[in-house]
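Tertiary structure, described
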Amino acid sequence: MKQAPGPRGREVLTVVLGRKRDPVRLIAELHEKFGDTVRIPVGDTAQFLLGNLDGVKHVLVDHHRNYSKGPAYELLASILGNGLVTSEGGHWKKQRKLIQPIFQQARLRIFSEIMADLVLEEVRALEALADSGERVDVFSRMMDLALKIVSRTVLGTNVQGQERKIHDSFTIILHYIEKLSTSKLRYLELLPGGSRFRGLRAWLSKLPTDERKQFLSAIEALNSLIGGVVSRRRAEISKSAMDSTALDLVTMLLQTKDESRGLALSDAEIRDEVMTLFLAGHETTATALTWTFYLLAKHPEYHRKIRTEVETVLQDRAPSLENLPSLRMCQWVFEESVRLYPPVWRLSRFAREADEIQGYSVPKGSVILVTPYLIHRDPRYWEYPETFEPERFCPKRASARPRLAYIPFGAGPRACVGAMFAMTEAQMILAVICRRIFFDLTPDHRLVLEPRLMLRPQGGMPMSVHRVK
């Protein structure tokens, strides 16, 4: 087998140092120079950048068992435990089977009612801000709204009044994780012989610094909150005191049994899944909605199309799960937004055993990187890829594209189990907000991408807010 093309010698050092500068642009430049499969000597192994859909299918779908979650998930495991995002093998398969039914249509109906109520609260707050002429950071607003939704749907009504505590804890945790992911020692590990720095980084990361103490305190606060909810729900279920019309995800997990053992999930297993659902259902959706409102501000004709559609379909009613299929423009606008700005902008996998991809040798231990941001803008799969055109997601045009040309939720068996939850939430929020509120870009703000764990806008998204007339 051949060795894939890629940087050599001093050029590798340039690549390693360039990751911190602008990783999205760097990956694009490497693909442009070396082709669809790029090999980068990294430390004691290699990383491979894949841009060809056949290669992506090989890793994410056809041979997914040989490719576990990549090194980026090591950091997430420190807060998510052995939840669905970070677990592997038999445990992951069992958890996926248990959790997937939670996101079925009947239960999404319960969640959609909660979403509708909370977004109406947000609209009333935005209308007050519009009347006072204040600017808002749409990213912060969407983070708060998404957190309220995931708090109520996952933990239930008992967390009312504790959203701020949850928000502050997750802010501290994410800041700490992102700082570790950009540590200079992590970049030294990418150099030849860099594995010797791994132990030093692990030792330094556990020093009792103020940031480390805040991180551990935030983890403990969330563990205490989740543990309290789980204990109360167990007691209510054992006394048959549970209101079946107000099911939250904790209750659903408590009522789920592992068929292989005939046992209910343990408190530790529920904790890990709840933390996973919080993280996966919080920042990803908030980031995607932020980019959506940014694009609607740049293309106000689509805001008008959404508003016309909502007024025609809903009239004076609130959105519900049953009428979401008729809100096609809401769906297409959101799908086009996450095409251009996918929150999960890259996926990493770890080769368990040696393999061959596109005729190139892939040694055991290699890291494979797939970049949805670039695939979604590849002119081989998308006509005028840099253009905002939601109509490209109409069924006729969507069915004509290669399936893996659009992977904002991943692909294969490890695709996001909560994709329908996220789509439901996004359509609900767009339908309600666009009917009564319009965001406008502030002329003094320069958009800069910040590709960290998620593809964020650097410095948030300051915008002026107006009532729809």
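Coordinates for the structure precede this section.
Residues numbered from 1 in each chain as written. Predicted model: local features only at pLDDT ≥ 70, side-chain atom pairs only at ≥ 80, totals over all residues. Heavy atoms only, no water.

Below, the discussion takes up helix 2 (residues 23-34). The α-helix winds at 3.6 residues per turn, so residues separated by three or four positions along the chain end up facing the same way. In this model helix 2 runs 16 Å from its N-terminal to its C-terminal C-alpha over twelve residues, within 8% of the 16 Å that 1.5 Å per residue would give. Of the positions making up helix 2, those classed as buried are Pro23, Val24, Leu26, Ile27, Leu30, His31 and Phe34. Projected onto a plane normal to the axis of helix 2, the buried residues spread over an arc of 165° and lie on a single side. Residues Arg25, Glu32 and Lys33 are exposed on helix 2 and point more than 90 degrees away from its buried face. Just past helix 2, the residue Gly35 takes up positive phi, approximately 110°. (Helix = DSSP H or I, 4+ residues; strand = E, 2+ residues; numbered from the N terminus. Expected span 1.5 Å × (residues − 1). Buried < 20%, exposed > 50% of the residue type's maximum accessible area, 1.4 Å probe, protein only. Arc of directions from axis to C-beta.)

Looking now at the sheet that holds strand 4 (residues 135-137). Sheets are built from strands that pair by backbone hydrogen bonding, the pairs being arranged parallel or antiparallel. Strand order in the open sheet made by the three strands is 4-14-11, with antiparallel pairing throughout. Two strands in the sheet have a free side with no partner beyond their single neighbour: strand 4 and strand 11 (437-441). Shown here is a sheet whose adjacent strand axes are inclined to one another by a mean of 45°, direction ignored. Bridge count between strand 4 and strand 14 (residues 462-467): three bridges; the pairing is antiparallel. Across the sheet, residue Arg135 finds its bridge partner in strand 14, namely Ser464. (Pairing = 2+ DSSP bridges. Axes fitted to C-alpha atoms, helices over the stretch in contact; angles between N-to-C directions.)

Moving on, we get to the pairing of strand 2 (residues 45-50). Burial analysis of strand 2 places five of its six residues in the buried class, which makes it a mostly covered element. Across six bridges, the pairing between strand 1 (residues 37-42) and strand 2 is antiparallel. Directly across from Val38, in strand 2, lies its bridge partner Leu49. Inspection of the sheet shows strand 2 paired to strand 10 (residues 367-370) by four bridges, in the parallel sense. Across the sheet, residue Leu49 finds its bridge partner in strand 10, namely Leu369.

The next subject is unusual backbone geometry. Even without a glycine there, the phi angle at Gln358 is positive, about 55°. Considering the arrangement of structural elements, one finds Gln358 in the loop between strand 8 (355-357) and strand 9 (360-362). A positive phi is found at Tyr384, a non-glycine position, where the angle reads about 45°. Here Tyr384 is to be found in the loop between helix 17 (372-375) and helix 18 (395-399). Of the residues examined, Tyr384 reaches a relative accessible area of 58% and is grouped as exposed.

To continue, consider the packing of aromatic side chains. Working definition: an aromatic ring pair is given by the centre-to-centre distance plus the angle between the planes. In total, this model carries nine aromatic pairs according to the counting rule given. Where Trp291 meets Tyr341, the ring centres are 4.2 Å apart and the plane angle is 10°; that geometry is what we call stacked. Of the two residues, Trp291 is situated in helix 14 (residues 283-298) and Tyr341 in the loop between helix 16 (328-340) and strand 7 (347-351); the sequence distance between them amounts to 50 residues. For the pair formed by Trp291 and Tyr341, the shared burial category is buried. Judged by centre distance (5.4 Å) and plane angle (85°), the rings of Tyr302 and Phe388 are edge-to-face. (Phe/Tyr/Trp six-rings, centres within 6.5 Å; stacked < 30°, edge-to-face > 60°.)

A word on the packing of helix 15 (residues 300-314) against helix 16. The geometry of helix 15 relative to helix 16 is characterised by a closest axis approach of 8 Å and an angle of 150° between their N-to-C directions. Classified by the angle their axes make, helix 15 and helix 16 are roughly antiparallel. Contact residues: helix 15 offers Tyr302, Lys305, Ile306, Glu309 and Val310, while helix 16 offers Arg328, Met329, Cys330 and Val333. The class makeup of the residues in the contact of helix 15 with helix 16 is six nonpolar, no polar and three charged. (Parallel < 35°, antiparallel > 145°, perpendicular 65-115°, else oblique. Contact = heavy atoms within 4.5 Å. Nonpolar A, V, L, I, M, F, W, Y, C, P; charged D, E, K, R; others polar.)

What follows deals with helix 7 (residues 138-155). Given a rise of 1.5 Å per residue, 18 residues ought to cover 26 Å, and the 25 Å separating the end C-alpha atoms of helix 7 matches this to within 8%. Of all 18 residues in helix 7, 14 are buried, a share of seventy percent or more. Note on helix 7: the residue one or two positions beyond its end, Gly156, has a positive phi of about 95°.

Here we come to the nonpolar core. Core analysis: the largest hydrophobic core is formed by 135 residues, its most contacted members being Leu155, Phe293, Ile433 and Phe439. Considering each element in turn, this core owes the most residues, eleven residues, to helix 7. Filtering out sequence-adjacent residues up to four positions away, Phe439 remains in contact with Leu126, Val136, Val138, Phe293, Ala297, Ile433, Met463, Ser464 and Val465. (Core = buried A, V, L, I, M, F, W, Y, C linked by side-chain atoms within 4.5 Å.)

On to the sheet that holds strand 1. An order of 1-2-10-7-3 is seen for the five strands of this open sheet, with the pairing classed as mixed. Strands with a single pairing partner mark the edges of an open sheet, and in this sheet they are strand 1 and strand 3 (67-69). For this sheet, the mean inter-axis angle between neighbouring strands, taken without regard to orientation, is 30°.

Let us now look at the pairing of strand 7. For strand 7, the tally of buried residues reaches four of five residues, placing the bulk of the element in the interior. Here strand 3 runs beside strand 7; their pairing, made up of three bridges, is antiparallel. From the neighbouring strand, Tyr67 faces strand 7, where its bridge partner is Ala351. Across four bridges, the pairing between strand 7 and strand 10 is antiparallel. Residue pairing in the sheet places Leu347 in a bridge with Val370 of strand 10.

Quick look at the state of the cysteines now. Covalently bonding the sulfur atom of one cysteine to the sulfur atom of another cysteine gives a disulfide. Counting across every chain of the model gives zero disulfides. Cys434 provides the cysteine sulfur closest to Cys330, a residue in no disulfide bond, and the two sulfurs are 6.6 Å apart. On the accessibility criterion, Cys330 (0% relative accessible area) is buried. (Disulfide = S-S within 2.5 Å.)

Let us look at the pattern of salt bridges. In this structure the tally under the stated criterion is 21 salt bridges. Linking Arg234 and Asp267 is a salt bridge whose minimum nitrogen-to-oxygen distance equals 2.7 Å. Taken together, the positions of Arg234 in helix 11 (residues 210-238) and Asp267 in helix 13 (residues 267-280) put the pair 33 residues apart, joining distant regions of the chain. Arg380 is paired through a salt bridge with Asp378; the nearest N and O atoms lie 2.8 Å apart. Shared partners join several salt bridges into a network, and the residues in it are Glu336, Arg339, Glu389, Arg392 and Arg397. (Salt bridge = Lys/Arg side-chain N within 4 Å of Asp/Glu carboxyl O.)

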